[in-house]
Structure formats: C-alpha cells, structure tokens
Amino acid sequence: MNEIRRVAVVGAGQMGSGIAEVFARAGLDTVVCEHGPEALRAARARIDRSLHRAVDRGRLSPAEREDAWAHLLFADDLEVLADRQLVVEAVVEDERVKTEVLATLDKVLVDDGAVLATNTSAIPVTRLGIATSRASHVLGLHFFNPAPVMPLVEVVSSLHTDPTVLNRVAGFAEEALGKHVIRSRDRAGFVVNALLIPYLLAAIRMAEAGHATAADIDDGMVHGCAHPMGPLRLADLIGLDTVQAIAESMYEEYKEPLYAPPPLLSRMVEAGLLGRKSGRGFHSHRAG
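Examining the packing of helix α9 (residues 231-238) against helix α10 (residues 240-254)
When two helices pack together, their arrangement is given by the angle between the helix axes and the distance between those axes.
Then, in step 1: One can describe the packing of α9 onto α10 by two numbers: an axis separation of 5 Å at closest approach and a directional angle of 95°. Taken together, α9 and α10 sit at an angle that is classed as roughly perpendicular. Only Leu-240, Thr-242 and Val-243 of α10 make contact with α9, whose side of the interface consists of Ala-235, Asp-236 and Ile-238.
Then, in step 2: Residues that form the contact of α9 with α10 fall into these classes: four nonpolar, one polar and one charged.

Here's the deal with the environment of Lys-179
Then, in step 1: In this structure, Lys-179 sits in the loop between α6 (163-175) and β8 (180-185).
Then, in step 2: For the pair Lys-179 and Ala-103, spaced 76 residues apart in the sequence, the C-alpha separation amounts to 28 Å.
Then, in step 3: Setting aside its immediate chain neighbours within four residues, Lys-179 contacts Val-22, Phe-143, Ala-147, Pro-148, Met-150, Pro-151, Val-153, Ala-173 and Glu-174.
Then, in step 4: Reaching out from Lys-179, the side chain makes a polar contact with the backbone oxygen of Ala-147 at a distance of 2.6 Å.

Digging into helix α4 (residues 95-108)
Then, in step 1: A rise of 1.5 Å per residue sets the reference length of α4, with its 14 residues, at 20 Å; its end C-alpha atoms lie 20 Å apart and thus fit the reference within 8%.
Then, in step 2: Buried within α4 are the following residues: Lys-98, Thr-99, Val-101, Leu-102, Ala-103, Leu-105, Asp-106 and Val-108.
Then, in step 3: For α4, the elements touching its buried residues are β1 (6-10), β4 (86-89), β5 (115-118) and α5 (125-129).
Then, in step 4: For α4, the N-terminal cap is Asp-94; the gap from its side-chain oxygen to the backbone nitrogen of Arg-96 is 3.0 Å.

Here's the deal with the sheet that holds strand β6 (residues 138-143)
Then, in step 1: In spatial order, the strands read β3-β2-β1-β4-β5-β6-β7-β8; together these eight strands make up an open sheet with mixed pairing. Of all strands in the sheet, those bounded by a partner on one side alone are β3 (72-75) and β8. The sheet shows a mean angle of 25° between the axes of neighbouring strands, taken without regard to direction.
Then, in step 2: With five bridges joining them, β1 and strand β2 (residues 29-33) adopt parallel strand pairing. From the neighbouring strand, Val-9 faces β2, where its bridge partner is Val-32.
Then, in step 3: The sheet strands contacting helix α2 (residues 37-56) are β2 and β3, and the helix crosses β3 at an angle near 155°.

Considerations on the pairing of β8
Then, in step 1: In terms of strand pairing, strand β7 (residues 152-157) meets β8 through six bridges, oriented parallel. Across the sheet, Val-153 pairs through a bridge with Val-181, a residue of β8.

The rules behind each value
- Residues numbered from 1 in each chain as written.
- Predicted model: local features only at pLDDT ≥ 70, side-chain atom pairs only at ≥ 80, totals over all residues.
- Heavy atoms only, no water.
- Axes fitted to C-alpha atoms, helices over the stretch in contact; angles between N-to-C directions.
- Helix = DSSP H or I, 4+ residues; strand = E, 2+ residues; numbered from the N terminus.
- Parallel < 35°, antiparallel > 145°, perpendicular 65-115°, else oblique.
- Contact = heavy atoms within 4.5 Å.
- Nonpolar A, V, L, I, M, F, W, Y, C, P; charged D, E, K, R; others polar.
- Polar contact = N/O pair within 3.5 Å; in protein donor to acceptor, adjacent residues only side chain to side chain.
- Expected span 1.5 Å × (residues − 1).
- Buried < 20%, exposed > 50% of the residue type's maximum accessible area, 1.4 Å probe, protein only.
- Pairing = 2+ DSSP bridges.

What follows is the structure, given as structure tokens:
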C-alpha cells in the first residue's frame, strides 16, 4: 500500500485553508488551489494568521511554522495537480459546483489509484462520486472548523467506495494527520451534523418565537449543560449560510420537519447576516 505524501486542497476558504495547514504541518507535499490571484492571496493570509496564532499559543514552534510553509505551494490551475495521490475538494457547499470540480479533477489526475475526497458537510458522497470515472476512489473526508485544532475527521464511504481505499484514507488521517477518525455510511449529515443541525435549528426556532434572547439561549446551554459554546454562537461560527445549506440537504433527503430551515434563518442569510464571517449573525462579531 503506497504511502500518501503528495496531497492537494481545492478551495481555500475557511475550511480549505485549515485542511491545507493540517497537511503542511504533517510534513506533506501540499498544493493549495484557488481561483485567481486575489483568492490565493487571501488563502496565504488566512494560513499565515493561523500559523502565527498557533505559535503565539504554544501549539507550534517558530521552526515548525517555517517547516509548514516550506511544504505549501499555491496554484490557480487544476492541471498542476496531475501527480497528486490525494485531493480534497473544499469548495462551496453546492452540489453543482462540487461535481464540476470533481469531474475536472478526475480528468487531471494521472495516477489511477489517486483518491478524490470531498469535505462536504451533508451532500451524499455517492451523488458526487458518480460525476467521475473513479467512483470507487471517491469518499468523504469531513474535517471540522478550525481544522488545525479540532481532532475529529469523519470518513464517509459511498455505495461505490472500495473498502481498501476507505481503510487507506482512514489510516492516513489517523497516522499521518494525528486525527481521531469516525466512520459513517453515506447519509446526508453523516454522524455529527445529523445530530448537531436539528439542535441548532431548534435554538433558532426558540429565538424566532421570542421564548428567550440569543444570549440567554446560549447561556442556558453553556452554564446549564456545560457546552463550550451556545447553539446560536456556534451557528454564527459555522456560518448561517452553511447551516442553511446543510439543513436543506438533510431536509431534501428525509423530509422531516426538524431538518427544515426556520424562516428566520433564511431571512438572515438573504440579508447577508451570516455570523462571524460577515461580522453579524445572532451575535455581533465586529473587531474591537
């Protein structure tokens, strides 16, 4: 079984940048692919801030930070990924966009044994895998935000995923990346979001109905249930647009009311109140 050393991440937003940092800190030859120079500059800045923060908090030495940078290459052309052994797709949570990226990567990768992984939060992996000619080598590799800090990775097999490929990637995530791996069958929401999203939506419905303020709802779960963060502040951290997209994907699959996005969530997303990344959601996140 070949050791995975040459990896890539396509899409370097909040999640993709974090995954690329995890790879680079593990000493892997890592290519970060984004669309255009502006997006690449933003990705570099995002990773740089995260690495500096890790040094400031004592999780990384300055020498380890420099070594991580030495393992990163940035590109805006998918063709440079031809020799990769593992590529993680981390673009926007939109099935059409993801299938287009995976279909293109399928044509680019030279190694027949190369693995295509998706970091989707909820879209069934089978639907993404059949957009390629190598569905047996497509699986879900779902990191959590912030990827360099959160220990968990969900490894998701589709109906087509080769068990050998699944075991290889699960072993890679555990041994090379030092992550805690749980496995899930291919169902919308997998394990974590299938449990988490109904909880977040219930909190949004409670705020929408005026039963309590966002602050009191969050304080209730932090101080009453020992949660590290309340549900509405967590929704802000994830991004309300992402919460909505996951909920819609799960509702489409199951048609259960607990997965349906509340009207308040939809209105906030329409208004651009997306949480931390926009500066305002259920709470204010303005700098300073």
